[in-house]
Amino acid sequence: MVGNDTIHTVTRKEHDCIGYMDVPKDVYWGIHTQRALGNFTVSRIADSTHPQLMRAYATVKRACAEANDELGLIDHDKARLIVAACRDVENGELADQFPVDVLQGGAGTSTNMNMNEVIANRALELGGHPKGDYGFIHPNDDVNHSQSTNDTYPAACKLALIDAIGPLAEETKKLTRAFHDLADKHTNDVTIGRTQLQDAVPMTYGQEFHAFASFLKSDLLTLEHVVPQLTTLNLGATAIGTGICADLRFRTTATRHLAAITGLPITAAMVRRCLAAAVWGDTLALLRNQTRPYEAVPGTAEALWRRWTEDLGQDLAGNRGLTRREILRRCREMAAEFRAVERVPREVQKVAIVGEIYTKYCHLGNWNLERYLAAEHCEIGVGGITWYALYYMDGHALKGSAPARRVYRLLASYLAEIQRDMLSILNQAGYHALPPLPELKRQAEGYAPLRVTVADGWLIAAEAVGWARLGYRKILCVQPFACLPGHIFGKGQYAALQRKLPGARLVSVDYDASTGEGTVLSRIRMLLDEELDPELL
């Protein structure tokens, strides 16, 4: 059960950007975890019921602390205490301090912050400071330095899986031997093989049990092959895979420390693959969404998308074709194949999707919104990951130290060049997309609050303006119900933006698991059914 069932009478007061909150004085978690206990009471199963994951997460945090220490990114004395606290968690000493529900919003953010707070408060305790004295060691600024949920959580999950695979493989070997032994004892004992729920032809029990053993051997080989794949981590690539907010040396340093701690051949090959995946993903999504409504044979674009997804997935897994030239060559091949799909003229609605990154892209977060719109024969416009990455870099190029700002500008320049080439390929093939981010930003002047870079900030309004100019007059603005930054810095723009875009219709959609699909679908349905004034085009 989650830990908020326990009654604590003595508390300490902590604060965050929202305000102050009382936290039980004796616990090692902090205010973020305390808020999560109230926000996420879905399954009432705590993270602590997965001790392998918690131990693995602490191992990742220890490697990151050692890397930050080596690179001089945090104070050595702080790092030493953080490492000691991580070891305590790895040894199971604080196993009851992870009460957050396993089902939570934010892709594991509360689990990450729960771990950061526990480690910080244990480190404070080891250093002779009271819990909550974050002026000395801070959960986010120190324990989580150079990291985000999006790289530490997957890394911890992979380490936990590797840890679990070992015992599973041993038990599978024992079961395999048992089936072989049983088969040898019944070599001549005859039974009847069955098919279609009926007796069929004779076979021996020995043949049957040897067959069971052969299946298990195949499973063992699969387990052995999956471990090397699990040792490829995106640690140090932070929130979106570009390494933003982390020292450029951190990625290789952290993975080296993690490899030394675990004894596993851990690599940091994810960044180049992230770049290729972002460009290829944006290309594929645009091609499919603009081909599918007009295809002569239904399912053609979807089948082509699936085949390309599998082919490109193999390239990524094998680290093939990840140079700039090869990335763009694949984009040309995709555009040519989609362009060759037979089409018929149809009257379709053009609907754009803008908003918070998770609900905009993830089918789990938006309840298969694109599939729903495709079934309604809509042409869908969705800005890709490369726009979001460049938006993020654009905002952070104004912050931090001078070297950090130079790094962001260099990264943005490189990705922007690839994005321009990608868009040129799409335009030459007869497809359209949002303009490159610098041009999109210029178009948004007077429409979007360009100084707002919190969460999805000005990008939401900029994308809405961009899609409206491309003829997508119906625009769905999506965000998760529990995302406070999304509501303040996203939803807060919609009314003013609607007044500035009289020829378009913006409809805000909150994805709230407590309301069910009916409320969401009714808002989408109203948008689709509305007739817009052609005079305002």
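Residues numbered from 1 in each chain as written. Predicted model: local features only at pLDDT ≥ 70, side-chain atom pairs only at ≥ 80, totals over all residues. Heavy atoms only, no water.

### Quick word on the pattern of salt bridges
Next, step 1: Here the structure, examined in full by the defined rule, presents 31 salt bridges.
Next, step 2: Here Glu-90 makes a salt bridge to Arg-62, at a shortest N to O gap of 2.7 Å. With a gap of 28 residues between them, Glu-90 in helix α3 (residues 76-90) and Arg-62 in helix α2 (residues 51-70) connect regions that are remote in the sequence.
Next, step 3: Residue Arg-62 is classed as buried on the basis of its relative accessible area, which comes to 9%.
Next, step 4: Between Arg-330 and Glu-333 there is a salt bridge whose closest N-O contact spans 3.0 Å. Taken together, the residues Arg-330 and Glu-333, both in helix α11 (residues 324-339) and three residues apart, mark about one turn of the helix.
Next, step 5: In this structure, a network of salt bridges that share partners links the residues Asp-315, Arg-320, Glu-326, Arg-329, Arg-330 and Glu-333. (Salt bridge = Lys/Arg side-chain N within 4 Å of Asp/Glu carboxyl O. Helix = DSSP H or I, 4+ residues; strand = E, 2+ residues; numbered from the N terminus. Buried < 20%, exposed > 50% of the residue type's maximum accessible area, 1.4 Å probe, protein only.)

### Observations regarding the nonpolar core
Note that soluble globular proteins tend to have their nonpolar side chains buried in a common cluster.
Next, step 1: Judged by nonpolar contacts, the single largest core of 59 residues is most densely connected at Trp-280, Met-334, Phe-338, Trp-387, Leu-437 and Ile-475.
Next, step 2: Listed in part, the 54 residues of the second largest apolar core include Ala-58, Val-83, Ala-156 and Ala-259. (Core = buried A, V, L, I, M, F, W, Y, C linked by side-chain atoms within 4.5 Å.)

### Concerning the packing of α2 against helix α4 (residues 109-126)
Next, step 1: Direction vectors running N to C along α2 and α4 enclose 65 degrees, while the axes themselves pass 11 Å from each other. On the basis of the axis angle, α2 is roughly perpendicular to α4. Crossing geometry of α2 relative to α4 is assigned as right-handed. Listed contacts from α4 to Met-54, Tyr-57, Ala-58 and Lys-61 of α2 are Thr-111, Asn-112, Met-115, Asn-116 and Ile-119.
Next, step 2: Classifying every residue of the contact of α2 with α4 by side-chain character gives five nonpolar, three polar and one charged. (Axes fitted to C-alpha atoms, helices over the stretch in contact; angles between N-to-C directions. Parallel < 35°, antiparallel > 145°, perpendicular 65-115°, else oblique. Left-handed = near helix turned anticlockwise from the far one by under 90°. Contact = heavy atoms within 4.5 Å. Nonpolar A, V, L, I, M, F, W, Y, C, P; charged D, E, K, R; others polar.)

### Re the packing of aromatic side chains
Next, step 1: Applying the stated criterion to the full structure yields nine aromatic pairs.
Next, step 2: Ring centres 6.2 Å apart and planes at 20 degrees place the aromatic pair Tyr-205 and Phe-209 in the stacked group. With a gap of four residues between them, Tyr-205 and Phe-209 both fall in helix α7 (residues 205-230), about one helical turn apart.
Next, step 3: The exposure class of Tyr-205 is partly exposed, given its relative accessible area of 32%. (Phe/Tyr/Trp six-rings, centres within 6.5 Å; stacked < 30°, edge-to-face > 60°.)

### Here we look at the confidence of the model for the chain
Next, step 1: When pLDDT is averaged along the chain, the result is 88, and 92% of the positions lie at 70 or above.
Next, step 2: Predicted confidence in the chain is weakest over helix α18 (residues 484-489), with a mean pLDDT of 68, and strongest over strand β6 (residues 378-382), with 97. (pLDDT = per-residue confidence, 0-100.)

### Description of the packing of α2 against helix α6 (residues 149-185)
Next, step 1: Contact pair α2 / α6: the axes reach a minimum separation of 8 Å and the direction vectors enclose 125 degrees. One way to sum up the angle between α2 and α6 is to call them oblique. Seen along the crossing, α2 lies across α6 with a hand that is right-handed. For the pair formed by α2 and α6, the contact residues are Gln-52, Leu-53, Arg-55, Ala-56, Tyr-57, Thr-59, Val-60 and Lys-61 on the first element and Thr-149, Thr-152, Tyr-153, Ala-155, Ala-156, Cys-157, Leu-159, Ala-160, Asp-163 and Ala-164 on the second.
Next, step 2: Along the lines of polarity and charge, the residues of the contact of α2 with α6 split into 11 nonpolar, four polar and three charged.

### Comments concerning helix α14 (residues 385-396)
Next, step 1: When the terminal C-alpha atoms of α14 are compared, their 17 Å separation across 12 residues agrees well with the 16 Å that a helix rising 1.5 Å per residue should span.
Next, step 2: Of all 12 residues that make up α14, nine are buried, and the element is covered over most of its length. (Expected span 1.5 Å × (residues − 1).)

### As for the sheet that holds strand β5 (residues 349-355)
Next, step 1: In spatial order, the strands read β6-β5-β7-β8; together these four strands make up an open sheet with parallel pairing. The open sheet has two free edges, formed respectively by β6 and β8 (505-511), since each of these has just one partner strand. Recorded for the sheet is a direction-independent mean angle of 25 degrees between the axes of neighbouring strands.
Next, step 2: Sheet analysis places β5 next to β6, joined by five bridges and oriented parallel. From the neighbouring strand, Gln-349 faces β6, where its bridge partner is Cys-378.
Next, step 3: Against the sheet, helix α17 (residues 457-469) touches β5, β6 and β7 (474-480), its axis set at about 165 degrees to β5.
Next, step 4: Sheet contacts for helix α20 (residues 517-529): β5, β6, β7 and β8; angle to β8, the most-contacted strand, approximately 170 degrees. (Pairing = 2+ DSSP bridges.)

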